[in-house]
Amino acid sequence: MTMSDTQQESKTYQRPPLARIGAIGWLRANLFNTWYNSLLTILILWMFYKIIPPFVNWALFDAVWGKVESTVCRQTDGACWAFLYEKANLILFGLYPFEEQWRPTIAMLIFIAVVATSCHPSAWRKSLILAWVIAVPAIAILMWGGILGLSYVPNTRWGGLPLTLLLSGVGLMFGFPIGVLLALGRRSNMPAIRTLCVTYIELIRGVPLITILFMASVMFPLFLPTGLTIDKLLRAQIGLIMFASAYLAEAVRGGLQSLPSGQYEAADSLGLSYWKKMRLIILPQALRISIPALVNSFISFFKDTSLVIIIGLFDLMGATKAALTDAAWRGFYKEAYLFTAVIYFVFCFFMSKYSQYLEQRLNVGTRR
Amino acid sequence: MTVPAGVDTDRKGVSAIWNDPQTRGIIYQALALILVVLVGWFLFSNTLQNLEERNISTGFGFLDRSAGFSISESLVDYEASDTYGRAFLVGLLNTFQVALLGIFLATILGTIVGILRLSTNWLVAKLASVYVEVLRNIPVLLQLFVWYGVITVSLPSPRQAFEPMPGVFLSNRGFMIPAPVEDPAYSYMGIAFAVAILLSITLRIWARRRQYLTGAQFPVFPCSVGMLIGLPILGWLIGGAPVVFELPVLQGFNFQGGITLSPEFAALLLGLTTYTSAFIAEIVRGGILGVDYGQTEAAASLGLRRVRILRFIILPQALRLIVPPTTSQYLNLTKNSSLAVAIGYPDLVSVGNTTLNQTGQAIEAVTIFMAVYLSFSLSISVFMNWYNSRIALVER
């Protein structure tokens, strides 16, 4: 085919009608393709017109910015961002001493950095374990202090975002291995062990988290020998670990159930012991399958840690609520909750996007 | 390499037992059971000793004592002088009330949003997915606080209450709606409705049998709908067709008459409904997408009409995917209703918490919570297992 031929041919092609391509074409295809869709579009645009300008006015133009007295805020209709200038420290760090707040900040950054690194499959090497071995004591030293010239901060004064991250992080770190063991126990062919695991899982999953937290806060002290006490934070943490392990066990069980029995038989025929069979053959595959379910459990667990407010801990949610009890700043709940909601949203949203990414990536082998 | 038989004899007995999977399994299980019993006994004896030291009597005897606290809203008569047992009953009924209403509303809202997410209108689909993402990724407790704040702080006082419809008022004291004035006609309607349900079930059984024998179809669905709507209306007409509604009227500082939804109840219901609806929307969307499009095409090529395709081909398959996860959302909603304690709606946990603080009967109160929620969860899961085995694909 010569050059002139192609030119000749391309001349005979017609461009699609203008109404089918470009912005107009997109609008027609996506917003006005049927009469009822057109109606819906117009209805939504009208709703936007009703909602967005007032919101922008409230949040930006009528809002009070900068560090001012609350009386100034009460004179306008707009948002009172002065509230956040005043209370952001309390919301983010709870009762942690003001001049020491750089410590939880760094601890939080280390935690987020290590978790973010662990999220990337290319980092799944032995050195990652080393990173955790260094990070965990570093976080503990930063939070508690008492050595290296850092002043001691008792954990009763911890609060805000670092507490939320720690409660959920530690809960998952301990809940996950327990959950895997429970899932294996539930699939085991030893009736007594299976019954114990099933009872535990169903008992925990059948009741609201609040009742487990109540149990942790009011019943645990009764369980212990006289004279031995464990502090409130640790009790809540134990309750959260119990809760997380039951839910994670069910996520892992889903993965275990979907493995073909040929895998078990193959491992048996190699003469592997039970633990070798699980560690080398079954669990790697089962955990990969259950990753989406696991991340979903992580997300709901992260949100659920907010319930510790009910037994009086100042996590992110509790600190927000505490910030609102100040008589001078009462009533600015929109600003406070918006701030907190955005923080929770960012964490949860990234986790759910991550699970989608991971699911796609790990499915490379089976995708066609 | 062979080991002379005599060398191994003294070790053989032990190692043979240890290497027998069955015996080993029994040993493991015995060890696990002994461990659990020992830990249980340790905790139990500590508890008994602690209770004795603190002079707290064990047992459920406290349920007969007078509670002495009042409860802001209750479905049955309750006064502060009534017993703790009755207070628990009030809490239980309040839990059921908000859970049932929430489940009903969340199902409707969730189904609508789930279908909207599949809309061909880009704006509608995007808006629905923003709804889902925002609500799913924020703790439900925070959402409850926001709703409670909106109602108690941002709505006007009863004097300046919003009146979106005549007789409906929104104020910081809650929502007021007209209530029908009590009349025997309403009990006739209730009876007629129950009769209609029974008749519909009978009709369905009869129609099935007839179709099985003769092949003739009977329009069961329109007839049932007709009876379910028609019979109560008939009952209403027989009762004299009362049309009197009691309107809420502003008297002094608050409204009198009509039905009042307290701020706590309204916030809890709104929060639970919207939060759960986001999850149900995703389930519905997944269920509809999960039915292969070839099914629709195949049914269409058989000449089935659109409604029949939906009714006989798509819905049965989609429901198989939708029902099990939706039930667990219903369960979650019921469990989340325990967050009522944070905004002061007197549900079971809230009442129980007050009792616990007054009497110190921690173990008994937590046991009651657990027993109630567990029996609810277990009966739902028994039902689900039955349903699943009924609708599961029969594979060869």
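For every chain, the first residue of the written sequence is number 1, and numbering continues from 1 onward in sequence order. Written order determines the labels here, with chains lettered from A and ligands numbered from 1. Owing to the predicted nature of the model, reporting of local features is limited to residues with pLDDT of at least 70; listing and counting of side-chain atom pairs is limited to 80 or more, with chain, interface and lining totals taken over all residues. Each side-chain value is worked out from all heavy atoms of the structure, with water and hydrogens disregarded.

Undergrad: Please give an account of the nonpolar core that cites residues and values.
TA: We call a set of buried residues a nonpolar core when its members are Ala, Val, Leu, Ile, Met, Phe, Trp, Tyr or Cys and they connect through side-chain atoms within 4.5 Å of each other. We call a residue buried when its accessible area falls under 20% of the maximum for its residue type, exposed when it is over 50%, and partly exposed in between, using a 1.4 Å probe and counting protein chains only. Ranked by size, the top nonpolar core spans 143 residues in total, and within it Phe83, Trp158, Leu256 and Met317 of chain A together with Phe69 and Leu268 of chain B carry the most contacts. Sorting elements by how many residues they give to this core places helix α11 (residues 232-257) of chain A first, with 12 residues. In this analysis, two residues are considered to be in contact whenever any of their non-hydrogen atoms come within 4.5 Å of each other. Excluding residues within four positions of it along the chain, Phe69 of chain B makes contact with Tyr78, Ala80, Tyr84, Ala87, Val351, Thr354, Thr355 and Gln358 of chain B. Core analysis: the next-biggest nonpolar cluster, separate from the first, contains 8 residues, Ile283, Ile309, Ile314 and Ile322 of chain B among them. Each helix is a run of DSSP H or I of at least 4 residues and each strand a run of E of at least 2, with the numbering of both proceeding from the N terminus.

Undergrad: A description of the interface of chain A and chain B should follow, citing residues and the corresponding values.
TA: Of the residues lining the interface, 55 residues belong to chain A; the matching set on chain B comes to 54 residues. Here chain A packs against chain B, burying approximately 4,700 Å² in sum over the two surfaces, 74% of which is carbon and sulfur. Values labelled buried area give the accessible surface lost by two parts on being combined, using a 1.4 Å probe and summing over both. Three residues, Leu222, Lys303 and Tyr333 of chain A, lead the burial of chain A against chain B; their summed loss comes to 14% of the area buried on that side. Throughout this description, the term salt bridge denotes a Lys or Arg side-chain nitrogen within 4 Å of a carboxyl oxygen of Asp or Glu. Where chain A packs against chain B, one counts 0 salt bridges. Distance and chemistry together define a polar contact, namely a pair of N or O atoms within 3.5 Å, with one atom able to donate a hydrogen and the other to accept it when in protein, and with adjacent residues in sequence counting only for side-chain atoms on both sides. On the surface where chain A and chain B come into contact, there are 18 residue pairs in polar contact (both at pLDDT 80 or more). Those elements that provide at least two residues to the side of chain A that touches chain B are α2 (22-30), α3 (35-61), α9 (191-206), α10 (209-223), α13 (274-304), α14 (316-323) and α15 (333-362) of chain A. If you tally residues by element for the side of chain A that touches chain B, the top one is α15 of chain A, at 10 residues. Amino acid classes used here: Ala, Val, Leu, Ile, Met, Phe, Trp, Tyr, Cys and Pro are nonpolar; Asp, Glu, Lys and Arg are charged; the rest, including Gly, are polar. For the side of chain A that touches chain B, the per-class residue count stands at 39 nonpolar, 11 polar and 5 charged.

Undergrad: Outline the confidence of the model for chain B, listing residues and values.
TA: Residues and elements named next belong to chain B. What pLDDT conveys is the predictor's confidence in a given residue, as a value from 0 to 100. Of the residues in chain B, 94% reach a pLDDT of 70 or more, and the chain-wide mean stands at 85. Mean pLDDT across the secondary structure elements of chain B bottoms out at helix α1 (residues 5-19), with 58, and peaks at helix α8 (residues 263-290), with 93. Predicted confidence for residues 5-9 stays below pLDDT 50, and this span has 0 contacts to residues more than four positions away or in other chains. Across the whole predicted complex the pTM is 0.85, and at the interface the ipTM reaches 0.87.

Undergrad: Lay out helix α4 (residues 122-136) of chain B with the relevant residues and their values.
TA: A helix is expected to span 1.5 Å for every residue after the first. With 15 residues, α4 of chain B should cover 21 Å at 1.5 Å per step; its first-to-last C-alpha distance of 21 Å lies within 8% of that length. Of the residues making up α4 of chain B, those classed as buried are Leu123, Val124, Ala125, Ala128, Ser129, Val132, Glu133, Leu135 and Arg136 of chain B. Lining the buried residues of α4 of chain B we find α3, α13 and α15 of chain A together with α3 (84-116), α5 (140-154) and α8 of chain B. Measuring from the side-chain oxygen of the N-cap residue of α4 of chain B to the backbone nitrogen of Leu123 of chain B gives 3.1 Å; that N-cap residue is Asn121 of chain B.

Undergrad: Outline the packing of α3 of chain B against α4 of chain B, listing residues and values.
TA: All names here are of chain B. Contact pair α3 / α4: the axes reach a minimum separation of 8 Å and the direction vectors enclose 135 degrees. In terms of orientation, α3 lies oblique with respect to α4. In this structure, α3 uses Leu109, Val113 and Leu116 to contact α4, whose residues at the interface are Val124, Ala125, Ala128, Tyr131 and Val132. Its residues assigned to classes, the contact of α3 with α4 comprises 8 nonpolar, no polar and no charged. Axis definition: a line fitted to C-alpha atoms, limited for helices to the stretch in contact. Angles are taken between N-to-C directions and run from 0 to 180 degrees. Working definition: roughly parallel below 35 degrees, roughly antiparallel above 145 degrees, roughly perpendicular at 65 to 115 degrees, and oblique for all remaining angles.

Undergrad: Residues and numbers for the pairing of strand β3 (residues 174-177) of chain B, please.
TA: All names here are of chain B. We treat two strands as partners when DSSP finds at least two bridges between them. Sheet topology note: the strand β2 (residues 168-171)/β3 ladder contains 3 bridges and is antiparallel. In the sheet register, Ser171 faces β3, and the bridge partner there is Gly174. Hairpin connection between β2 and β3: a loop of 2 residues separates the two successive antiparallel strands. In terms of strand pairing, β3 meets strand β8 (residues 259-261) through 3 bridges, oriented antiparallel. The residue of β8 that forms the bridge with Ile177 is Ile259.

Undergrad: I'd like a description of a positive patch on the surface, backed by residues and values.
TA: Only residues whose relative accessible area exceeds 30% and that form no salt bridge enter a patch; like-charged residues are grouped when within 9 Å of one another, and nonpolar side chains (Val, Leu, Ile, Met, Phe, Trp, Tyr) when within 5 Å. In these tables, accessible area is a Shrake-Rupley quantity obtained with a 1.4 Å probe, and a residue counts as shielded only by the protein chains included in the view. Positive charges come from Lys and Arg, negative ones from Asp and Glu, while His and the chain ends are left out of the count. Every charge is mapped onto a representative atom, which is NZ of Lys, CZ of Arg, CG of Asp or CD of Glu. Taken together, the side chains of Arg204, Arg208, Arg311 and Arg390 of chain B present a region of like positive charge at the surface. Within the secondary structure, Arg208 of chain B sits in helix α6 (residues 184-214).

Undergrad: So what's going on with the side chain of Thr273 of chain B? Which residues, and what values?
TA: Residue and element names in this part refer to chain B. Within the fold, Thr273 resides in helix α8. Looking at Thr273, the relative accessible area reads 7%, which means it is buried. In this structure the side chain of Thr273 is engaged in a polar contact, spanning 2.6 Å, whose partner is the backbone oxygen of Leu269. Contacts of Thr273, omitting those with residues within four sequence positions, involve Gly102, Leu105, Ala106 and Leu109.

Undergrad: Summarise the pairing of strand β1 (residues 162-165) of chain B; cite the residues concerned and give the values.
TA: Residue and element names in this part refer to chain B. One ladder, built from 2 bridges, connects β1 with β2; its direction is antiparallel. By the bridge assignment, Phe162 is partnered in β2 with Leu170. Remark: 2 residues form the turn of the hairpin made by β1 and β2, two consecutive strands paired antiparallel; Gly167 in that turn has positive phi of roughly 90 degrees.

Undergrad: Requested: an account of the packing of α3 of chain B against α8 of chain B, with residues and values cited.
TA: All names here are of chain B. In the contact formed by α3 and α8, the axes pass within 6 Å of each other and the chain directions differ by 40 degrees. As far as their axial angle goes, α8 and α3 are oblique. Read as a crossing pair, α3 and α8 show a hand that is right-handed. Of the residues in the contact of α3 with α8, the class split is 14 nonpolar, 10 polar and 1 charged. Should the near helix be turned anticlockwise from the far one by less than a right angle, the crossing is left-handed, and should it be turned clockwise, the crossing is right-handed.

Undergrad: Just give me the short version of the pattern of salt bridges, but keep the residues and values in it.
TA: Tallied over the entire structure, the rule returns 11 salt bridges over all chains. We note a salt bridge from Glu100 of chain A to Arg103 of chain A, for which the minimum N-O separation is 2.9 Å. Since its relative accessible area comes to 16%, Glu100 of chain A is described here as buried. Owing to a relative accessible area of 0%, Arg103 of chain A belongs among the buried residues under this scheme. Between Glu133 of chain B and Arg136 of chain B there is a salt bridge whose closest N-O contact spans 3.6 Å. On the criterion of helical spacing, the pair formed by Glu133 of chain B and Arg136 of chain B is a turn pair, its members being 3 residues apart in helix α4. Per residue, the accessibility class of Glu133 of chain B equals that of Arg136 of chain B, and both read buried. The network of salt bridges with shared partners includes Arg186, Glu202, Glu250 and Arg253 of chain A.

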